[in-house]
Amino acid sequence: MLVNLQTIIGMAEQGKYCIPAFNVYNTETIMGVLDAAEEAKAPVILQLYPRLFNEEVGFYLCPSIVAAAQRASVPVCFHLDHGPSEWEATRALRWGCTGIMLDGSAHDFDKNVAMTKHIVDTCAAVGIGVEGEIGHVGSVNDEVMDEFTTPEEAAAFVKATGVTCLAVLIGNAHGHYKKPPKLDIDRVKAIREACGVPLVLHGGSGIPEDQVKAAIAAGIRKMNIGTDVCCAFAEGTKATIEDPGRSIAIDIFMKKPIQYVKQLALEKIAMVGAAGKAE
Ligand code: 13P
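First, a word on scope: everything that follows refers to the structure included in this document. Model, not experiment: these values are computed from the prediction.

Here the focus is the overall build of the protein chain. What the protein chain contains, in helices and strands, is eleven helices and eight strands. For the protein chain, whose C-alpha radius of gyration is 18 Å, the value lies close to the compact-globule estimate of 19 Å for 279 residues. Expressed as a percentage of the 279 residues in the protein chain, the buried residues total 54%. Of the roughly 12000 Å² of accessible surface on the protein chain, 57% is carried by carbon and sulfur atoms. Put simply, the protein chain has 25 plus and 34 minus side-chain charges, and the middle of one group is 5 Å from the middle of the other.

See below:
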C-alpha cells in the first residue's frame with residue numbers, strides 16, 4: 001500500500017527499528033526492492049534523485065512506482081531524495097510522491113530554515129511530511145568532513161521548520177567508503193534527545209552492520225542505500241553477460257540483475273530490523 005512519510009517513519013519510531021530507503025533508477029531496481037519487501041514482509045521507501053523526475057524519465061518511472069506501491073501488500077512510501085528547491089519538490093508532488101526531502105544543507109542556517117519551512121507548509125496542505133537536512137552530508141571523495149550536525153542546531157532547525165525527520169552528518173558520506181566509516185553514535189543520541197524527531201542516515205552503502213545497529217539504537221529511523229543498489233544491479237548484469245548460455249531477450253537478460261538487487265535489499269532489510277514489521 002502507498003503510504004506517506006510520516007506514517008512509515010511513525011511505524012519505525014513505534015517499533016524502534018529503521019526503514020530502509022532504497023534509491024531506485026529503473027523498473028528492474030523497483031522490482032528487485034519490492035520483491036524483497038514482499039518476501040521479508042517489510043515496510044520500505046523507494047526514493048528517486050531529483051534528476052529522475054525530468055520529463056523523459058519521470059514520465060515512465062513515477063507512474064510505475066505509484067502503481068507498484070499501491071499494489072504492494074506492504075507499506076511503501078515514494079520519496080523525493082535531496083530536492084534542492086521548491087521547483088523539484090513541486091514536480092515530485094505532481095508525480096505522486098508521498099514523502100519529500102528538501103535539502104537546503106548547502107545554504108546557511110537561516111536560508112535552509114526558510115526554504116525547508118516553506119516546503120513543510122506546502123506539503124502539509126496535501127498531508128505529506130518532509131525530511132530536512134542540517135550538517136551537509138557530502139561525498140566519500142570530499143577532502144574534509146567538518147560540518148558535523150550539532151544538537152543545538154538540530155533542535156533549533158526542527159523547532160523552526162516542523163520537519164517529520166532529519167538527515168544528519170555524523171561521519172557518514174555518499175558513495176563507497178574508502179575505509180570503514182566511524183559513526184559518532186554519541187552525537188546521534190545527543191541530537192535525537194535535543195531535537196526529538198526521528199533521524200535519517202544517508203550514505204548507508206558500506207556502513208558496517210554493528211555501526212548501523214548502534215545508530216538505530218541511538219535514534220536513526222531511515223537509512224538511505226543508493227550505491228549498493230547500483231553495484232548489485234551492475235554485478236547481476238556482468239554475471240549475465242559472462243554467462244555463455246544467456247538469452248538476448250531483454251526481459252530474460254534482466255532476471256539476474258533484478259535477483260541481485262533483491263538479494264541486496266533482503267540483506268539491508270534484515271540489517272535495519274525491518275523484516276516482518278509489515279505483518
Ligand atoms: P549511498 O549511495 O552512499 O548509499 O547513499 C545514498 C544516499 O544517501 C541517498 O541520499
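Attention now goes to the site of the ligand. In the vicinity of the ligand, 15 residues are found, and the nearest of them are Asp81, Gly175, Gly203, Ser205 and Thr227. A distance of 3.1 Å is found between an oxygen atom of the ligand and a side-chain nitrogen or oxygen belonging to Asn224. Side-chain polar atom of Thr227 to an oxygen atom of the ligand: 2.6 Å apart, as the coordinates give it. Summarising the interface, the protein chains cover 99% of the accessible area of the ligand, which totals 310 Å² for the free molecule. Sorting the residues of the shell around the ligand by element identifies β3 (76-83) and β8 (220-225) as the ones contributing at least two each. A per-class count over the shell around the ligand returns three nonpolar, eleven polar and one charged.

Okay, the side chain of Thr116 next. Mapped onto the elements of the fold, Thr116 is located in helix α5 (residues 109-124). If we ignore the near neighbours within four places in the chain, the residues touching Thr116 are Leu102, Gly132, Phe157, Thr161 and Val163.

Here the second largest pocket is characterised by a volume of approximately 220 Å³. Every residue lining the second largest pocket is listed: Thr27, Ile30, Met31, Leu34, Asp35, Glu38, Ser64, Ala68, Arg71 and Ala72. Secondary structure elements with two or more residues in the lining of the second largest pocket: α2 (27-40) and α3 (55-71). Ranked by residue count, the leading element in the lining of the second largest pocket is α2, at six residues. Looking at the lining of the second largest pocket residue by residue, the classes come out as five nonpolar, two polar and three charged.

With that settled, the discussion passes to the packing of α5 against helix α6 (residues 151-161). It is at 9 Å that the axes of α5 and α6 come closest, and there the two elements cross at 35 degrees. Both α5 and α6 take part in a crossing whose hand is right-handed. Together, Phe109, Asn112, Val113, Thr116, Lys117 and Val120 of α5 and Glu153, Ala156, Phe157, Ala160 and Thr161 of α6 make up the contact between the two elements. Considered class by class, the residues forming the contact of α5 with α6 number six nonpolar, three polar and two charged.

Glancing now at the pairing of β8. Most of β8 is tucked away, with six of its six residues classed as buried. Pairing geometry for strand β7 (residues 199-201) and β8, over three bridges, is parallel. Along β8, the bridge assignment pairs Val200 with Lys222. Note on the crossover from β7 through helix α8 (residues 209-218) to β8: the handedness is right-handed.

Moving on, we get to unusual backbone geometry. Notably, Lys16 is not glycine yet its phi reads approximately 60 degrees, a positive angle. Located in the positive-phi region is His82, a residue other than glycine, with phi close to 55 degrees. Position of His82 among the secondary structure elements: in strand β3. The exposure class assigned to His82 is buried, which follows from its relative accessible area of 14%.

Parameters and conventions
- Residues numbered from 1 in each chain as written.
- Predicted model: local features only at pLDDT ≥ 70, side-chain atom pairs only at ≥ 80, totals over all residues.
- Heavy atoms only, no water.
- Helix = DSSP H or I, 4+ residues; strand = E, 2+ residues; numbered from the N terminus.
- Rg over C-alpha atoms; globule rule 2.2 N^0.38 Å.
- Buried < 20%, exposed > 50% of the residue type's maximum accessible area, 1.4 Å probe, protein only.
- Areas by Shrake-Rupley, 256 points an atom, 1.4 Å probe, with all protein chains shown as cover.
- Lys, Arg positive; Asp, Glu negative; His and termini not counted.
- Charge placed at Lys NZ, Arg CZ, Asp CG, Glu CD.
- Near = heavy atom within 4 Å.
- Polar contact = N/O pair within 3.5 Å; in protein donor to acceptor, adjacent residues only side chain to side chain.
- Nonpolar A, V, L, I, M, F, W, Y, C, P; charged D, E, K, R; others polar.
- Contact = heavy atoms within 4.5 Å.
- 1 Å grid on protein atoms, 1.4 Å probe; cavity = no way out; pocket = protein on both sides within 12 Å on 5 of 7 lines; lining within 4 Å.
- Points joined across faces, edges and corners; volume = space filled by probe spheres on them.
- Axes fitted to C-alpha atoms, helices over the stretch in contact; angles between N-to-C directions.
- Left-handed = near helix turned anticlockwise from the far one by under 90°.
- Pairing = 2+ DSSP bridges.
- Right-handed = clockwise from strand over helix to strand, strands pointing away.

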